[in-house]
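Results of the structural survey
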Amino acid sequence: MTDARAEPPTEVSPPPPPPPVQLTGSPTDFLKGVVGKRVKVRLVSGVDYQGVLSCLDGFMNIALEQTEEHVNGVVTNKYGDAFIRGNNVLYISALEAL
């Protein structure tokens, strides 16, 4: 003879949350993280431009706002907006925390 009692329903727990998105540390992740923040752009000529990174494209053409031009560590000019052609860029570094 089988027992006619039904087993109580088992509680189904929701699936675990997905793992947090981790940055790979790639240049693309860095560039996405610094848009809208203060950066320093060093040109191959050695001149630095500091300003807020407005946008950039796949050719590393850069648009900066509130831009200062630095030659040998001294501010030589101030510009509202500056556009830098990508083939002149040596590197971009963040001036504020990401």
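Keep in mind that what you see is a predicted model, and the values were worked out from it rather than measured.

The next subject is the sheet that holds strand β2 (residues 48-56). Strands sit in the order β4-β3-β2-β1-β5 across an open sheet of five strands; the sheet is antiparallel. Here the strands that pair on one side only, and so sit at the sheet edges, are β4 (74-84) and β5 (89-94). Strand after strand, the sheet turns through a mean of 25 degrees between neighbouring axes, direction not considered. Strand contacts of helix α1 (residues 27-34): β1 (38-43), β2 and β5, with the helix running at about 60 degrees to β5, the strand carrying the most contacts.

Another aspect to go through is the nonpolar core. V39, V41, I62, L64, I84 and I92 are the most contacted members of the largest nonpolar core, which has 13 residues in total. It is β1 that contributes the most residues to this core, three residues altogether. Beyond its immediate chain neighbours, meaning those up to four positions away, I62 contacts V41, L53, C55, L56, A82, F83, I84, V89 and I92.

With that settled, the discussion passes to the side chain of K40. Residue position: K40 is located in strand β1. Here K40 occupies a buried position and makes no salt bridge, while the nearest side chain of opposite charge, D48, is found at 4.1 Å. The residues contacting K40, other than those within four sequence positions of it, are D48, Y49, Q50, Y91, I92, S93 and L95.

As a further point, take unusual backbone geometry. The phi torsion at M60 lies on the positive side, around 65 degrees, for a residue other than glycine. Looking at the element boundaries, M60 is found in the loop between β2 and β3 (62-71). For Q66, which is not a glycine, the phi torsion comes out positive at approximately 50 degrees. Summarising the element assignment, Q66 is placed in strand β3. Overall, Q66 belongs to the exposed group, its relative accessible area being 54%.

Let us now look at the pattern of salt bridges. As enumerated under the stated definition, the model contains two salt bridges in all. In this structure, E68 engages K78 in a salt bridge whose closest nitrogen and oxygen atoms are separated by 3.9 Å. In this pair, E68 sits in strand β3 while K78 sits in strand β4, placing the two residues ten residues apart along the sequence. Under the relative-accessibility criterion, K78 is labelled exposed at 63%.

Pairing geometry for β1 and β2, over five bridges, is antiparallel. In the sheet register, R38 faces β2, and the bridge partner there is V52. Connecting β1 to the next strand, β2, in antiparallel fashion are four residues, including G46 with a positive phi near 95 degrees. In terms of strand pairing, β1 meets β5 through five bridges, oriented antiparallel.

What counts, and where the lines are drawn
Residues numbered from 1 in each chain as written. Predicted model: local features only at pLDDT ≥ 70, side-chain atom pairs only at ≥ 80, totals over all residues. Heavy atoms only, no water. Pairing = 2+ DSSP bridges. Helix = DSSP H or I, 4+ residues; strand = E, 2+ residues; numbered from the N terminus. Axes fitted to C-alpha atoms, helices over the stretch in contact; angles between N-to-C directions. Contact = heavy atoms within 4.5 Å. Core = buried A, V, L, I, M, F, W, Y, C linked by side-chain atoms within 4.5 Å. Buried < 20%, exposed > 50% of the residue type's maximum accessible area, 1.4 Å probe, protein only. Lys, Arg positive; Asp, Glu negative; His and termini not counted. Salt bridge = Lys/Arg side-chain N within 4 Å of Asp/Glu carboxyl O.

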